[in-house]
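Residue strings, one per chain:
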Amino acid sequence: MSDNVRSETDDSPKKAAAKKGRRGRGATKPGDIWVVVENEGGTAGRVSWELLGKAAGLAADLGSRPAVVILGEDDERLAREAFSYGARVAYIASHPSLTPFTADPHCRALSQLARKYKPEAILLGATTRGRDLASAVATDLKTGLTADCTSLEIDEETGLLKQTRPAFGGNIMATIISPDTRPQMATVRPGVFPLPEIIESAEGEIVSTKPRLGDDLPVRQLEFIPNPSDAVSLQGAKAVIAGGRGMKKAGNFALLEELAAELDGTVAASRGAVDAGWISHQRQVGQTGQTVRPVLYIAVGISGAIQHVAGMQESDIVIAINNDPDAPIFDVADFGIVGDLFETIPALIAEIRKRKTAGGAALDFTAGEPSVLKKAGKGAGKAPTEDAENTPDETPRDALGGGE
Amino acid sequence: MNRETRSSISSVVCVKQVPDTTQVRVDPDTGSLIRKGVPSIINPFDLHAVEAALVLRDKFGGQVTALSMGPPQAEEALRKLLGFGIDRAVLLSDRAFGGSDTLATTYALSCAIKKIATQQPVDLVICGKQSIDGDTGQVGPGLAHRLGFSQLTYICSLQEIDLEAGVIRAWRQREDGRELLEAKLPAALTITETCNQIRYAALPDLIAASDKPVEVWNVDDVGADRALLGIKGSPTRVKRIFAPPARQRGEILSTPGGDPADAAALLMDRLGERDIRLGGSRV
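Basis of the calculations
Residues numbered from 1 in each chain as written. Chains lettered and ligands numbered in written order. Predicted model: local features only at pLDDT ≥ 70, side-chain atom pairs only at ≥ 80, totals over all residues. Helix = DSSP H or I, 4+ residues; strand = E, 2+ residues; numbered from the N terminus. Buried ≥ 20, exposed ≤ 12 C-beta atoms within 10 Å, placed from the backbone. Contact = placed C-beta atoms within 7 Å. pLDDT = per-residue confidence, 0-100. Core = buried A, V, L, I, M, F, W, Y, C linked by C-beta atoms within 7 Å. Axes fitted to C-alpha atoms, helices over the stretch in contact; angles between N-to-C directions. Parallel < 35°, antiparallel > 145°, perpendicular 65-115°, else oblique. Left-handed = near helix turned anticlockwise from the far one by under 90°. Nonpolar A, V, L, I, M, F, W, Y, C, P; charged D, E, K, R; others polar. Domains from an automatic or database assignment. Pairing = 2+ DSSP bridges. Expected span 1.5 Å × (residues − 1). Arc of directions from axis to C-beta. Right-handed = clockwise from strand over helix to strand, strands pointing away.

Engineer: An account of the overall build of chain B is requested, with residue identities and associated values reported.
Structural biologist: The secondary structure content of chain B amounts to six helices and 16 strands. When its C-alpha atoms are laid out on the principal axes, chain B stretches across 75 × 45 × 40 Å. The 283 residues of chain B split such that 55% are buried. Contacts in chain B between residues at least 24 apart in sequence constitute 69% of all its contacts with a sequence separation of at least 6.

Engineer: Summarise the overall build of chain A; cite the residues concerned and give the values.
Structural biologist: For chain A, the helix and strand inventory stands at ten helices and 19 strands. A burial count over chain A gives 56% of its 404 residues as buried.

Engineer: Now, about the confidence of the model for chain A: what can you tell me, with residues and values included?
Structural biologist: Residues and elements named next belong to chain A. Of all residues in chain A, 81% have pLDDT values of 70 or greater, and the mean over the chain is 84. Taken together, the stretch residues 1-12 has pLDDT below 50 and engages in 24 contacts with residues farther than four places along the chain or on a different chain. Low confidence marks residues 366-397, where pLDDT is under 50. Its contacts with residues over four positions away, or in another chain, come to 58 contacts.

Engineer: Go over the nonpolar core with me, naming the residues and quoting the values.
Structural biologist: Nonpolar side chains tend toward joint burial in soluble globular proteins. B:Val13, B:Val50, B:Ala108, B:Ala112 and B:Val125 are the most contacted members of the largest nonpolar core, which has 145 residues in total. By residue number, the principal contributor to this core is helix α3 (residues 102-119) of chain B, which donates ten residues. Once you skip the residues sitting within four places of it in the chain, B:Ala108 turns out to touch B:Met69, B:Leu92, B:Phe97, B:Ser100, B:Ala224 and B:Leu229. One finds A:Ala268, A:Val318, A:Ala320 and A:Ile345 within the second-largest nonpolar core, a separate group that totals 55 residues.

Engineer: An account of the packing of helix α5 (residues 128-141) of chain A against helix α4 (residues 139-147) of chain B is requested, with residue identities and associated values reported.
Structural biologist: Helices that pack against each other are described as a pair by the angle of their axes relative to one another and the distance between those axes. Interaxial distance between α5(A) and α4(B) falls to 8 Å at its minimum, and their mutual angle equals 45°. As judged from the angle between their axes, α5(A) and α4(B) are oblique. The two elements α5(A) and α4(B) meet at a crossing, and its hand is right-handed. Taken together, the residues of α4(B) that come into contact with α5(A) (itself represented by A:Asp132, A:Ser135, A:Ala136, A:Thr139 and A:Asp140) are B:Pro141, B:Gly142, B:His145 and B:Arg146. Class assignment of the residues belonging to the contact of α5(A) with α4(B) gives a composition of two nonpolar, four polar and three charged.

Engineer: Lay out the domain arrangement of chain A with the relevant residues and their values.
Structural biologist: All names here are of chain A. Entries for chain A in the domain assignment read domain 1 (4-209) and domain 2 (239-400). Contacts between the two partners involve 13 residues from domain 1 and, on the opposite side, twelve residues from domain 2. Those elements giving two or more residues to the side of domain 1 that touches domain 2 turn out to be β9 (161-167) and β10 (172-177). Taken together, the residues of the side of domain 1 that touches domain 2 sort by class into eight nonpolar, four polar and one charged.

Engineer: So, the sheet that holds strand β14 (residues 239-243) of chain A: which residues are in play, and what are the values?
Structural biologist: Hydrogen bonds between backbone groups are what pair the strands of a sheet, and the pairing can be parallel or antiparallel. If you trace the six strands from one edge of the open sheet to the other, you get β15(A)-β14(A)-β16(A)-β17(A)-β18(A)-β15(B), paired in parallel fashion. Each end of this open sheet is capped by a strand with a single partner; those strands are β15 (266-269) of chain A together with β15 (251-252) of chain B. With respect to the sheet, helix α6 (residues 253-263) of chain A is in contact with β14, β15 and β16 (296-300) of chain A, its orientation differing from that of β14(A) by roughly 170°.

Engineer: Help me get a handle on the environment of B:Ala265, residues and values and all.
Structural biologist: Within the secondary structure, B:Ala265 sits in helix α6 (residues 260-273). When the C-alpha atoms of B:Ala265 and B:Leu253 are compared, they prove to be 9.6 Å apart, with twelve residues separating the residues in sequence.

Engineer: Please provide a residue-by-residue account of the packing of helix α4 (residues 103-117) of chain A against α5(A), values included.
Structural biologist: Residue and element names in this part refer to chain A. Two elements in contact, α4 and α5, have axes whose closest approach is 9 Å; the angle formed by their N-to-C orientations is 50°. Comparing the axis directions of α4 and α5 gives the class oblique. The handedness of the crossing between α4 and α5 comes out as right-handed. Across the interface between the two elements, Ala103, His106, Cys107, Leu110, Ser111 and Ala114 of α4 pack against Asp132, Leu133, Ala136, Val137, Asp140 and Leu141 of α5. Here the contact of α4 with α5 is composed, by residue class, of eight nonpolar, two polar and two charged.

Engineer: Talk me through the environment of A:Val240; I want residue IDs and the actual numbers.
Structural biologist: Residue and element names in this part refer to chain A. Structurally, valine 240 is set in strand β14. Remark: the alpha-carbon pair of valine 240 and phenylalanine 330, spanning 90 residues in sequence, is separated by 17 Å. The contacts of valine 240, once residues within four sequence positions are left out, are Leu234, Gly265, Thr266, Ala268, Val292, Pro294 and Tyr297.

Engineer: Lay out the pairing of strand β18 (residues 335-338) of chain A in plain terms, naming residues and giving numbers.
Structural biologist: The side-chain alternation of β18(A) yields two buried faces, one formed by A:Phe335 and A:Ile337 and the other by A:Gly336 and A:Val338. Relative to β18(A), strand β17 (residues 317-322) of chain A is paired through four bridges, and the arrangement is parallel. Following the sheet pairing, A:Asn322 is matched in β18(A) by A:Val338. Sheet topology note: the β18(A)/β15(B) ladder contains two bridges and is parallel. Residue A:Gly336 lies in a different strand from β15(B), and its bridge partner there is B:Ile252.

Engineer: Break down α6(B) for me, citing the residues and quoting the values.
Structural biologist: Since there are 3.6 residues in each turn of an α-helix, residues three or four apart along the chain are aligned in direction. All names here are of chain B. Across its 14 residues, α6 extends 20 Å between first and last C-alpha, which sits within 8% of the 20 Å expected from 1.5 Å per residue. Buried within α6 are the following residues: Pro260, Ala263, Ala264, Leu267 and Leu271. Along the axis of α6, the buried positions cluster into a sector of 100°, meaning they face one direction only. Seen from the buried face of α6, the exposed residues on the opposite side, beyond 90 degrees, are Asp269 and Glu273. One or two steps after α6, the chain reaches aspartate 275, where phi turns positive at roughly 70°.

Engineer: Can you lay out the sheet that holds strand β4 (residues 66-72) of chain A for me, pointing to particular residues and giving the numbers?
Structural biologist: All names here are of chain A. Read from one edge to the other, the open sheet built from seven strands follows the order β7-β11-β6-β1-β4-β5-β12, with strand pairing classed as parallel. Two strands close off the open sheet at either side, each with one partner strand: β7 (145-149) and β12 (205-209). Going from strand to strand, the sheet's axes swing by 20° on average, the running direction of each strand aside. Relative to strand β5 (residues 89-94), β4 runs parallel, the two being bridged by six bridges. Bridging across to β5, alanine 67 finds its partner in valine 89. Helix-sheet contacts for α4 involve β1 (33-36), β4, β5, β6 (121-125) and β12, and the interaxial angle to β4 is about 145°.

Engineer: An account of the confidence of the model for chain B is needed here, citing residue identities and associated values.
Structural biologist: All names here are of chain B. Per-residue pLDDT for chain B averages 90, and the proportion of residues at 70 or more is 94%. Contacts from residues 279-283, a stretch scored under 50 in pLDDT, to residues over four places away or in other chains number 15 contacts. For this predicted complex, the interface confidence reaches an ipTM of 0.88, while the overall pTM sits at 0.80.

Engineer: Kindly report on unusual backbone geometry, identifying the contributing residues and their values.
Structural biologist: One can expect most non-glycine residues to show negative phi and most peptide bonds to be in trans. Residue and element names in this part refer to chain A. Residues arginine 182 and proline 183 are joined by a peptide bond in cis, for which omega reads -5°. Here lysine 248, not a glycine, exhibits a phi torsion of approximately 70°, which is positive. You can see lysine 248 is positioned in the loop between β14 and α6. Lysine 248 gets classed as partly exposed once you count the C-beta atoms within 10 Å, which come to 14.

Engineer: Tell me about the pairing of β15(A), and name the residues and values.
Structural biologist: Residues and elements named next belong to chain A. Where burial is concerned, the two faces of β15 agree: the one with Thr266 and Ala268 and the one with Val267 and Ala269 are both buried. Pairing between β14 and β15: four bridges, direction parallel. Across the sheet, isoleucine 241 pairs through a bridge with valine 267, a residue of β15. Handedness of the β-α-β unit built from β14, α6 and β15 comes out right-handed.

If you want it as structure tokens, here you go:
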């Protein structure tokens with residue numbers, strides 16, 4: 001065994017927690033709720049602000065503060081942007097080794113900050129970067145980490161972070177807690193939480209730190225090739241028009257583009273259409289693609305496998321168009337049209353154009369922000385199937401909180 | 001492990017036996033998982049990890065060891081991999097491992113890898129990018145951290161290994177593009193499904209593999225601390241499980257044999273009622 005292998009001097013999580021002293025529970029003031037900003041050369045990933053909106057709510061419930069961690073250069077501009085999205089504190093760790101991102105120095109910088117400032121929870125985007133970093137840091141801090149959460153809440157009684165996530169390919173949901181270790185760590189996919197409102201004049205506290213990092217990095221970036229410029233982000237689209245195997249061939253997606261143009265929307269796809277090679281993987285919605293939560297989701301020729309539904313079920317209004325009346329997509333659709341998509345879509349385009357000519361303007365999604373719509377009565381359909389309690393012992397927990 | 005000069009590349013591939021998740025459901029009445037009749041498969045991403053290790057061994061020489069943690073029946077998965085041509089199969093199996101979350105799992109696996117490293121070189125640890133049952137992708141990075149290996153996740157293509165310099169160069173898939181990374185060996189990789197094509201095991205190899213041994217190690221064999229394993233060693237707790245929140249089935253707007261134009265008009269009316277409006281109705 002070479003000395004390159006880290007010696008295992010860890011305490012068990014429980015012992016570690018006991019040593020640190022239990023926080024939360026009102027005995028001492030709970031720590032801040034941190035969001036690690038996806039800092040790409042001074043530009044924040046949208047998911048960071050989505051998480052910050054959630055962190056602000058959690059912090060309010062807990063009586064603590066939402067904070068951001070900016071790893072990279074000493075960038076106060078990014079900190080101010082974070083304040084406008086609701087952060088009260090910005091911890092900045094600046095070091096040349098932090099740009100471009102590699103896991104090891106980011107892990108060491110974040111772990112050092114967490115050990116010093118003791119946050120209650122750390123939230124990261126469930127991106128290739130966030131997952132990479134979160135796993136390493138949770139291992140370093142010997143604390144609990146829950147991946148791909150779709151819901152985060154503070155338990156009123158215990159003050160613990162209740163982290164709900166899908167498992168088994170979306171077939172079940174599990175609520176995970178980390179009762180004895182801090183910080184409680186979670187990753188959340190982009191698009192799961194809405195962007196908070198911007199308050200331009202908001203201010204906050206900046207804590208600038210210099211992490212102790214060497215220059216001898218185990219991993220170096222030699223080259224980066226960005227995606228082609230026609231790559232699209234489905235995040236933030238108000239209308240998503242998704243095609244599945246029913247589209248029959250790549251050329252038919254032009255029909256969806258035409259509809260998307262009328263709705264000022266974006267074309268997406270199910271895995272079936274992507275696997276068939278009709279459309280780029282970057283447009284895939286679902287478990288192995290992206291999660292979207294548009295105002296309007298139109299599923300065209302998509303059967304509605306649970307893996308697909310997992311990526312679009314937070315949409316406000318779902319419309320399904322499919323010639324199979326038994327397709328499961330109709331079970332999750334607010335409105336269904338059973339029929340030939342090659343007749344229905346042109347009819348829909350014609351109808352929209354007719355109404356535009358009569359009325360003058362485009363479909364107006366600004367009136368349909370998600371929160372407004374839910375209050376308007378749609379939300380009722382999404383009540384969880386209460387309340388199937390189960391003991392952890394009956395549950396293969398490696399697949400719930402753990403596993404690979 | 002941190003060898004001065006390398007003449008070959010030996011890998012430990014971590015594999016997991018998982019239920020075929022397309023068939024797992026929650027009983028709506030009891031809230032428990034229905035696993036009866038659900039077949040077990042090798043986590044599909046892990047097969048790409050095995051393939052990557054085999055390709056490297058065939059090019060550079062060395063050994064491929066498959067390591068799995070699970071119940072005794074996981075031996076079946078490892079035996080199948082012996083048929084694919086791996087050199088050695090190790091199953092970590094002990095009741096004390098049961099109930100481990102990712103933190104405890106990486107501890108157990110790292111203990112086993114450290115033991116393997118006393119017996120043979122370990123230049124690479126290779127995992128699939130995630131399992132299909134847990135979907136966390138946490139074990140690979142966690143192992144890298146525990147072992148002090150270079151951490152390379154979401155590797156979509158292996159470029160080269162420079163034995164003399166002791167580095168691996170590989171492409172990592174990000175949301176916004178691909179990056180070429182150079183990492184010092186030893187390294188821990190997680191591999192995406194686009195990294196390679198899985199080979200098919202020839203039937204004679206599969207048959208021959210049925211005679212090859214699968215080494216089974218328990219907690220004491222790997223010298224692990226029981227306090228860091230299983231539920232005791234796992235900071236996370238499953239508070240409850242439940243069926244996914246279901247959207248309600250809504251309204252079917254078409255009639256069999258009906259005019260698509262009528263359905264389209266009705267749909268636009270309904271959207272208007274939901275405040276999804278055409279500009280004309282905007283006040």
